[in-house]
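Working through the structure, step by step
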Amino acid sequence: MSLKEFFARTWQWLRTNVKTHVVVTLLVFLATFSAFVYYWHGVRNGVQKDEHSAYERQVRILSTATETHLQLYESFLRGGAGLFTINRSLTQADWAQYFQPYNIPKQSPDIIGIGFVPYLTNAEVPAFLNNIRAQVPKYAIWPAGTRNVYAPVAYVATFTANTGKVVGFDGYTTAVRRAAMQASVMSGQPTMSGKITLVSAQVPDKSAFNLYLPVYRNGRPVQTATERQRALYGFVYVAVDIKAMVNALLAENPNSNFALQWYETAGNPKSAPVYQSGNFTSTAKQHGAITQAFPFTLYGHKWKVVLAASPGIISANERQLPALVLWRGFFVSAVLAGAVWLLTTSRERKLSRQKQLEVQDAKDDLLSLASHQLRTPATVVKQYVGMMLQGYGGKITRKQTGMLQNAYDSNERQLEVINQLLYVARLDAGRIALHKQKVDVGKLLQEACDEQAVEAKQRRQKLACKVPKRPLKVEADPQYFRMALDNLINNAIKYTPDKGSITASVRKLEGDALITITDTGIGIDEARQATIFEKFTRLEDELSSNVSGSGIGLYLTNQIVSLHGAHIEVTSSRSHGSSFTIRLPADPNIDLGRTSAYTKRRRPVN
Ligand code: ADP
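Structure report, in brief. The model shown is predicted, which means the values in this text are computed figures rather than measured ones.

A few words now on helix 11 (residues 398-428). In a regular helix each residue adds 1.5 Å, so 31 residues correspond to 45 Å; helix 11 covers 45 Å between its end C-alpha atoms and thus fits that length. For helix 11, the complete set of buried residues consists of Leu404, Asn411, Leu415, Ile418, Gln420, Leu422, Tyr423, Val424, Ala425 and Leu427. Positive phi appears at Gly430, one or two residues downstream of helix 11, with a value of about 65°.

Here you go:
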């Protein structure tokens, strides 16, 4: 299936299964929201770019600061080394004095000490000791032992409490320092050691490095590594506290959302970092954090830093912008879709109202068709058949009389159904306007009984009509209320077998008029009693199916009773007859009559 076909089918499906206003509202929402999603995408990319630029700016600041720091260390190294070109017989005091003006503890608190270590062969040690002990009588090289080469600390300008402890320490005995010293001779350049364990440190694992610069004997050639080795006099070194250095670097542009780890690359990759800023873990694990590793070489030594920036590196306002765009988009789309919904539904309501009116008009047409086109000819048929039965058309045989009687009865039923249909249509259209007046309900019931007495007689049924002696006045439309009573009595006759009895009565109860039609007929199942007042409902059982009917009578009756503000109830059980009761509400303005005594005005039924 091609994409075009897919969309066509989906559209078709939506059109058939979902209402138009729902589809339109949904489409408006989706279209608006999609536009916002597109916009959000751009904003989010912009924010991410800003995040990266902020990160890169931070990295640049860090690397510039590192360069500046290292240049400073180098300048101290070169200054110290320069001293030896003018004076070979320096003292510890001279050395310390030289660095005094730089105010190093204040200006560069990351420098632990700056010292000088002579490069000595075993044979040169006694003369060196002799010389230095003239200044520092207790001077000793440590660790003790006989070695080919020594590089003991001769002088040290101390900037932290314990730096002085390092005096006499032979750094050539440790692999890290020795390697850096040797490398600096090879290159003739300042050379950085790896992480060293400070001799002077009170905290043993304090991370530090030494930066060495070779000092040569005056006047010797130092072009090649061999020449430099031959001319080597010693080393000036700067000991740097890595933690203090990185803290100073980060302080150049403090940002709590930027953090770093500093690793030795030569060591075990899983070993602990040489330095880690306190906020590193919390920064790097944040959702959306940028974390990158940078290998780098400083004065010949290889290190690695891992730099992390959490999204907070840019302002909270900017960070929240994409979400804000999305929420606003959702809100605007919902409002727009809501407006479209209101517009389309009101339009649909208008259309459906129009449709209703059209249907109503069609019903009205049908009504007029039923009343004029059907009722009139049916009535004419009734008249002619009636006339023939009465002998106006000449003599007819017995057989013909029977046949005409059947035609007459059928025509009567037809007219009855047509009339009922007319009333139903009028009721549904709300076109029945009651003309209420004070009527004697007893009289109305009596008239209804009288009219149906012939039918009951034919069925050899006993039809009793019990009405109060005195008029029982109610507010009712005599025509319609009669129709309701007629229906009930007619049903009682229809659904009661031959020779059964029907009682129609009216009495006063608590000021209300209570009309009851009781029969000894086929009865109605309790479960189905609620349905019999619905339009076109007929109970389909073997007893009632023999009786002709349209299922409209009780619907009409109930509607008429309701229009009178009254209420109808049925009590019945299968095979034990039924009883329909109408209770017309008490109206204090109406004198219902004083009597509750009944006159048995039994009409000549049998
Ligand atoms: P119908 O034209 O079928 O009589 P109604 O609306 O008057 O229509 O009555 C609905 C149904 O209720 C009838 O078909 C019948 O099954 C049942 N019914 C009505 N009155 C009685 C009654 N007095 N006794 C038993 N069943 C009745």
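This part is about the site of the ligand. For the ligand, the set of nearby residues contains 21 residues, the closest of which are Asn491, Tyr495, Arg538, Ser550 and Leu554. Note that a nitrogen atom of the ligand is positioned 3.4 Å from one of the side-chain N or O atoms of Ser578. Protein contact buries 98% of the 530 Å² of open area that the ligand shows by itself. By residue number, the principal contributor to the shell around the ligand is helix 13 (residues 478-494), which donates three residues. Of the residues assigned to the shell around the ligand, the class counts are nine nonpolar, nine polar and three charged.

Taken together, the side chains of Met1, Leu3, Phe6 and Phe7 make up a nonpolar region of the molecular surface, amounting to roughly 490 Å² of accessible area. Here Phe7 shows up in helix 1 (residues 3-17). Judged by its relative accessible area of 52%, Phe7 falls in the exposed class.

Of all hydrophobic cores here, the largest spans 62 residues; its most connected members are Phe84, Trp95, Ile114, Phe116, Val236, Phe258 and Trp262. Element by element, the count of residues in this core is highest for helix 2 (residues 20-86), at 15 residues. Dropping the residues within four chain positions of it, Val236 is found in contact with Leu77, Gly80, Ala81, Phe84, Trp95, Ile114, Gly115, Phe116, Leu211, Tyr212, Leu213 and Val215. Grouped together as the second largest cluster of nonpolar side chains are 37 residues, Val439, Leu444, Ala448 and Val506 included.

To continue, consider the layout of surface pockets. Approximately 300 Å³ is the volume found for the second largest pocket. As for the second largest pocket, its lining consists of 17 residues, of which Arg88, Pro118, Phe128, Asn131 and Tyr233 are closest to the centre. With four residues, the single largest contributor to the lining of the second largest pocket is helix 5 (residues 125-133). When its residues are assigned to classes, the lining of the second largest pocket shows eleven nonpolar, three polar and three charged.

Attention now moves to the pairing of strand 14 (residues 462-468). Strand 14 sits mainly inside the fold: five of its seven residues count as buried. Here strand 14 pairs with strand 16 (residues 501-509) via five bridges, running parallel. For Lys462, the partnering residue across the bridge sits in strand 16 and is Ser501.

Attention shifts here to unusual backbone geometry. With omega at 0°, the peptide bond leading from Trp142 into Pro143 counts as cis. Within the secondary structure, Pro143 is located in the loop between helix 5 and strand 3 (149-150). With phi around 45°, Tyr299 is a residue other than glycine that occupies positive phi space. For Tyr299, the position within the fold is in the loop between strand 11 (290-298) and strand 12 (301-309).

All chains considered together, the criterion is met by two cavities of 30 Å³ or more. Estimates place the volume of the largest cavity at around 150 Å³. Surrounding the largest cavity, 19 residues form its lining, Val153, Val166, Arg177, Asn210 and Tyr237 being those nearest its centre. Examining the composition of the lining of the largest cavity, we find that three residues originate from one element, strand 1 (residues 111-118), more than from any other. Looking at the lining of the largest cavity, its residues break down into 13 nonpolar, five polar and one charged. In this structure, the second largest cavity encloses a volume near 30 Å³. Every residue lining the second largest cavity is listed: Gln58, Ile61, Leu62, Leu249, Leu250, Asn253 and Phe258.

Here we take up the packing of aromatic side chains. If you walk through the whole model with that rule in mind, you get 29 aromatic pairs. Here the aromatic rings of Phe99 and Tyr102 are separated by 6.4 Å at their centres, their planes lie at 45°, and the arrangement is tilted. Residues Tyr212 and Phe235 carry aromatic rings whose centres are separated by 6.0 Å and whose planes lie at 80° to one another, so their mutual orientation is edge-to-face. Linking Tyr212 in strand 7 (residues 207-216) with Phe235 in strand 8 (residues 232-241), this pair joins segments that are 23 residues apart in sequence. Phe235 matches Tyr212 in its accessibility class, with the two residues each being buried. Put simply, the rings of Phe76, Phe84, Trp95, Tyr98, Phe99, Tyr102, Phe116, Tyr155 and Tyr233 pair up and form one aromatic cluster. Over the ring of Tyr263 we find Lys304; its NZ or CZ atom is 5.0 Å from the centre of that ring.

Using the criterion set out here, one finds twelve salt bridges in the structure. Glu412 is the partner of Lys382 in a salt bridge, and the nearest nitrogen-oxygen pair spans 2.8 Å. Of the two residues, Lys382 sits in helix 10 (residues 316-389) while Glu412 sits in helix 11, which places them 30 residues apart along the sequence. Through salt bridges with shared partners, one network takes in Lys443, Glu447, Glu451, Arg482 and Asp486.

Walk down a regular strand and you will see the side chains alternate between the two sheet faces. Counted residue by residue, strand 17 (residues 512-519) has seven buried out of eight residues, so it is predominantly covered. For strand 16 and strand 17, the ladder comprises eight bridges, and the chain directions are antiparallel. What sits directly across from Leu509, in strand 17, is Asp512. From the end of strand 16 to the start of strand 17, which pair antiparallel, there are two residues, and Glu510 there has a positive phi angle of about 45°. Judged from the six bridges that link them, strand 17 and strand 19 (residues 578-584) form a sheet pairing that is antiparallel. Along strand 19, the bridge assignment pairs Ala513 with Leu584.

For the rest of this paragraph, the subject is the side chain of Asn490. Summarising the element assignment, Asn490 is placed in helix 13. Using a relative accessible area of 14% as the deciding quantity, one classes Asn490 as buried. Aside from chain neighbours lying at most four places away, what touches Asn490 is Glu416, Gln452 and Glu455.

Our focus in this paragraph is the packing of helix 2 against helix 3 (residues 92-99). A pair of packed helices is characterised by two quantities: the angle between their axes and the separation of those axes. Orientation of helix 2 relative to helix 3, taken along the N-to-C sense of each, is 140°, at an axis distance of 11 Å. Considered as vectors, helix 2 and helix 3 are oriented oblique to each other. Handedness of the crossing formed by helix 2 with helix 3: right-handed. From helix 2, Phe76, Gly79, Gly80, Leu83 and Phe84 reach across to helix 3, where they touch Trp95, Tyr98 and Phe99.

How each quantity is defined
Residues numbered from 1 in each chain as written. Predicted model: local features only at pLDDT ≥ 70, side-chain atom pairs only at ≥ 80, totals over all residues. Heavy atoms only, no water. Helix = DSSP H or I, 4+ residues; strand = E, 2+ residues; numbered from the N terminus. Expected span 1.5 Å × (residues − 1). Buried < 20%, exposed > 50% of the residue type's maximum accessible area, 1.4 Å probe, protein only. Near = heavy atom within 4 Å. Polar contact = N/O pair within 3.5 Å; in protein donor to acceptor, adjacent residues only side chain to side chain. Areas by Shrake-Rupley, 256 points an atom, 1.4 Å probe, with all protein chains shown as cover. Nonpolar A, V, L, I, M, F, W, Y, C, P; charged D, E, K, R; others polar. Patch = residues over 30% accessible without salt bridge, like charges linked within 9 Å, V, L, I, M, F, W, Y side chains within 5 Å. Salt bridge = Lys/Arg side-chain N within 4 Å of Asp/Glu carboxyl O. Core = buried A, V, L, I, M, F, W, Y, C linked by side-chain atoms within 4.5 Å. Contact = heavy atoms within 4.5 Å. 1 Å grid on protein atoms, 1.4 Å probe; cavity = no way out; pocket = protein on both sides within 12 Å on 5 of 7 lines; lining within 4 Å. Points joined across faces, edges and corners; volume = space filled by probe spheres on them. Pairing = 2+ DSSP bridges. Phe/Tyr/Trp six-rings, centres within 6.5 Å; stacked < 30°, edge-to-face > 60°. Lys NZ or Arg CZ within 6 Å of the ring centre and 35° of its normal. Axes fitted to C-alpha atoms, helices over the stretch in contact; angles between N-to-C directions. Parallel < 35°, antiparallel > 145°, perpendicular 65-115°, else oblique. Left-handed = near helix turned anticlockwise from the far one by under 90°.

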